[in-house]
Amino acid sequence: IKDNPHKKVTPHTKYKISGIYMIYIDHFTNEEVVPIYIGQSKDIQRRYKQHYSEILALNRLSYDEYERYFFSKGSSFYEGNFKSCKIFKYMLENNCTLQDFHMIILDEVRR
């Protein structure tokens, strides 16, 4: 992924395009990259901002709130389909930071 021709999406890019993208975590000292999610969007830049904002909001949780959301026996976000919680849980368990969160465009779709 590091040497690929794909476009990396950041807060500073302006990719208002449709396409398929991949979110991945790059926190390792070796060449291993962990793909976390593959999605599609009509506006990839806006979708990046949504994903990043969701992770940022979870990052502001207290430990007690985190425990309740991820491990409560009644209704845990992690047990459902809330992908941001799953990404955040992975990041916590592997000591990742927001700087380790990346998104690239795999394929641009022309309208």
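Above: the structure in question.
Structural notes, computed from the coordinates. (Residues numbered from 1 in each chain as written. Predicted model: local features only at pLDDT ≥ 70, side-chain atom pairs only at ≥ 80, totals over all residues. Heavy atoms only, no water.)

## Some details on the sheet that holds strand β4 (residues 101–109)
Next, step 1: If you trace the four strands from one edge of the open sheet to the other, you get β1-β4-β2-β3, paired in antiparallel fashion. Where the open sheet ends on each side, the last strands, each with one partner, are β1 (7–9) and β3 (34–41). The sheet shows a mean angle of 30° between the axes of neighbouring strands, taken without regard to direction.
Next, step 2: Looking at chain direction, strand β2 (residues 18–25) and β4 are connected through eight bridges and run antiparallel. Paired with I20 across the bridge in β4 is D107.
Next, step 3: Along the sheet face, helix α1 (residues 44–59) touches β1, β2, β3 and β4 and points at about 155° away from the line of β4. (Pairing = 2+ DSSP bridges. Helix = DSSP H or I, 4+ residues; strand = E, 2+ residues; numbered from the N terminus. Axes fitted to C-alpha atoms, helices over the stretch in contact; angles between N-to-C directions. Contact = heavy atoms within 4.5 Å.)

## Digging into unusual backbone geometry
Next, step 1: With a phi close to 55°, N95 is a non-glycine residue in the positive phi region.
Next, step 2: For N95, the location among the structural elements is in the loop between α3 (83–93) and β4.
Next, step 3: Classification of N95 as exposed rests on a relative accessible area of 63%. (Buried < 20%, exposed > 50% of the residue type's maximum accessible area, 1.4 Å probe, protein only.)

## Some words on the packing of α1 against α3
Next, step 1: The geometry of α1 relative to α3 is characterised by a closest axis approach of 9 Å and an angle of 60° between their N-to-C directions. Considered as vectors, α1 and α3 are oriented oblique to each other. The two elements α1 and α3 cross, and the hand of that crossing is right-handed. Contact with α1, carried on its side by R47, H51, E54, I55, L58 and N59, involves K83, S84, C85, I87, F88 and M91 of α3 and no other residues of that element. (Parallel < 35°, antiparallel > 145°, perpendicular 65-115°, else oblique. Left-handed = near helix turned anticlockwise from the far one by under 90°.)

## Structural notes on α1
Next, step 1: Helix length check: α1, at 16 residues, gives a terminal C-alpha distance of 22 Å against a target of 22 Å (1.5 Å per residue), a fit within 8%.
Next, step 2: Of the positions making up α1, those classed as buried are I44, Q45, R47, Y48, H51, I55 and L58. Down the axis of α1, the smallest arc covering the buried residues is 160°, so these residues share one side.
Next, step 3: Turning to α1, the residues buried within the fold contact β1, β2, β3, α3 and β4.
Next, step 4: For α1, the N-terminal cap is D43; the gap from its side-chain oxygen to the backbone nitrogen of Q45 is 3.3 Å. (Expected span 1.5 Å × (residues − 1). Arc of directions from axis to C-beta. Polar contact = N/O pair within 3.5 Å; in protein donor to acceptor, adjacent residues only side chain to side chain.)

Structural measurements only, silent on function.
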